[in-house]
Amino acid sequence: MDHITYQFEYDERIPVAFIGAGGHSYRNVYPSFQYAPVDLRAVCDLDGGRAAKYARLFGAPRSYTDHHEMLERERPVAVFVVTSYSEDGRVQATDLALDCLRAGAHVWMEKPTAASVAEISRLRRQSAAAGRFVMTGMKKIFTPAMERTKEIISSAEFGEVSSVSVRYPQTLPPFENRRDLRAMRGFLDHIYHPGAVLHHLMGDVCGFGYQWEPVSGASTASLRFASGAVGTLHLAAGSAATSPLERVEVVGQDANVVVDNGVRLTYYRRGARLDYGRSPSYVVGEDHAPLHWEPEFSLGQLYNKNLFYLGYVPEILHFCDSVLSGTPPTKGTLEDSLAVMRLFEAYQTVPAGTFVDLAQPNENGAA
């Protein structure tokens, strides 16, 4: 993405509706429309006053409290859904997305997509029946740093990927509570971030085991991928709120790439030689020296906005491009959500200290 077009500059814009008027969408999703080809026609929320305020703030001519009425009257081409959880811990957006598909609209929904593999399968069936697609906001795989990481590890220069390590601060409840979706709400909400990164970079997980620590709920998982590569997922509960939240490292053949805090990317290229006991300098030649990227935050550039370096605008543009071209998205798909939910259900059902083979999804997505 080398150039950004502002919303008012697009010749063609997509008629869209929005379900949800919460704090997250106010900070991150509605503002991203400034850089996307969308024509916001209506906002829906159970709180009518809030829906009306959001409609006025973000330029929609109408607001609703009933999404069925909005879908019937507005007939949007696409619907954005950013909602919360039901009292029983289910994801509200799952059923809302099904309703939107039945109304003939494409759906962009914030993660999590659902609370089970079965619900993802239901969405896939409805999406196929409606001829409309569903995309989930997996922002981590749309960040500039992660997009470049994917390019690097896919190159011949990097070699075959051998291992990966992902660190993310998240607590895991005790095993006996994990069937209760209310107890697992925080875990479900956040496993989509490291889970999406792992699947995007490495493909399907076919082997899984972990150790769990009861004081903070931290865990370390050992992963085996269908490709033959191995990996770890460190859910670093207990880390300081002021520390960098996450770290990703992928190792190839005499090369590795590291992403710190989502924005600092370092590519350690193959070919450098530092003979033990004989090398007088660590400064290697430019042909083999590490490459390093990180943003500067002194200018009012778009790349310094968290809407861009956190992946919000790129993921929404990917969705809009798919709608306008009539081609399904290639990232944030229901297949990606299925992979994350398989990992979520493994944490629900596999006791700590054991390692199991995970059934692979068949061509219909079911395990």
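Our subject in this report is the structure included herewith.

1. With respect to the pattern of salt bridges
By the definition in use, this model includes 16 salt bridges. Residues Arg41 and Asp39 are paired through a salt bridge, measuring 2.8 Å at the closest nitrogen-oxygen approach. A residue is classified by how much of its surface remains accessible, and Arg41, at 31% relative accessible area, is partly exposed. Owing to a relative accessible area of 23%, Asp39 belongs among the partly exposed residues under this scheme. Several salt bridges converge on common partners, so that one network encompasses Arg90, Asp95 and Glu119.

2. Structural notes on the packing of helix 3 (residues 67-74) against helix 4 (residues 92-102)
Where helix 3 meets helix 4, the closest approach of the two axes is 10 Å, and the angle between their N-to-C directions is 25 degrees. It follows from the interaxial angle that helix 3 and helix 4 lie roughly parallel. In the crossing of helix 3 with helix 4, the sense of the turn from one axis to the other is right-handed. Facing His67, His68 and Leu71 of helix 3, the residues of helix 4 in contact are Leu96, Asp99 and Cys100.

3. So, unusual backbone geometry
In this chain, Lys111 is followed by Pro112 through a cis amide linkage whose omega measures -5 degrees. Although it is not a glycine, Arg75 sits at a positive phi angle of roughly 50 degrees. Within the secondary structure, Arg75 sits in the loop between helix 3 and strand 4 (78-81). In this structure, Asp254 is a non-glycine residue whose phi angle is positive, near 60 degrees. One can find Asp254 in the loop between strand 11 (247-251) and strand 12 (256-260). Accessibility expressed as a relative area gives 67% for Asp254, which makes it exposed.

4. Quick look at the sheet that holds strand 4
Pairing is parallel in the open sheet, where 6 strands are placed in the order 3-2-1-4-5-6. Only two strands of the sheet have a single neighbouring strand rather than two, namely strand 3 (62-64) and strand 6 (134-137). Averaged over all neighbouring strand pairs, the angle between strand axes comes to 25 degrees, with direction disregarded. Of the strand pairs in this sheet, strand 1 (residues 14-19) and strand 4 are connected by 4 bridges, and their pairing is parallel. Bridge assignment links Phe18 to a residue of strand 4, and that residue is Phe80. On the sheet, helix 4 packs against strand 1, strand 4, strand 5 (106-110) and strand 6 and is oriented at approximately 170 degrees with respect to strand 5.

5. Focus: the nonpolar core
Counting residues in hydrophobic clusters, the biggest one holds 108 residues, and the most contacted among them are Phe80, Phe208, Leu233, Val250 and Tyr347. By residue number, the principal contributor to this core is helix 7 (residues 185-202), which donates 9 residues. Leave out the neighbours within four places in its chain, and Phe80 touches Val16, Ala17, Phe18, Ile19, Val29, Phe33, Val38, Trp108, Ile316 and Phe319.

6. Re the environment of Glu157
Along the chain, the position of Glu157 falls in the loop between helix 6 (144-153) and strand 7 (163-168). Overall, the relative accessible area of 41% leaves Glu157 in the partly exposed class. For the pair Glu157 and Asp254, spaced 97 residues apart in the sequence, the C-alpha separation amounts to 9.8 Å. Excluding its chain neighbours within four sequence positions, the residues that come into contact with Glu157 are Tyr267, Arg269 and Arg270.

Conventions we followed
Residue indices begin from 1 for each chain and proceed along its sequence in written order. Where local features are concerned, this predicted model is filtered to residues with pLDDT of at least 70; where side-chain atom pairs are given and counted, the filter is 80 or more; whole-chain, interface and lining totals use all residues. Hydrogens are left out, water is left out, and the side-chain values use all remaining heavy atoms of the structure. Here, a salt bridge means any side-chain nitrogen of Lys or Arg that lies within 4 Å of a carboxyl oxygen of Asp or Glu. Between buried and exposed lies partly exposed: a residue is buried under 20% and exposed over 50% of the maximum accessible area for its type, with that area taken using a 1.4 Å probe on protein chains only. To define axes, lines are fitted to C-alpha atoms, for helices over the stretch in contact only, and angles between the resulting N-to-C directions are given on a 0 to 180 degree scale. Only DSSP runs of H or I with at least four residues qualify as helices, and only runs of E with at least two residues qualify as strands; both kinds are numbered from the N terminus onward. Working rule for angles: under 35 degrees goes down as roughly parallel, over 145 as roughly antiparallel, 65 to 115 as roughly perpendicular, anything else as oblique. Crossing handedness follows the turn of the near helix against the far one: under a right angle anticlockwise gives a left-handed crossing, and clockwise gives a right-handed one. In what follows, a contact means two residues having at least one pair of non-hydrogen atoms within 4.5 Å. Any two strands are treated as partners once DSSP identifies two or more bridges connecting them. Side-chain atoms within 4.5 Å are what join buried Ala, Val, Leu, Ile, Met, Phe, Trp, Tyr and Cys residues into a set we call a nonpolar core.

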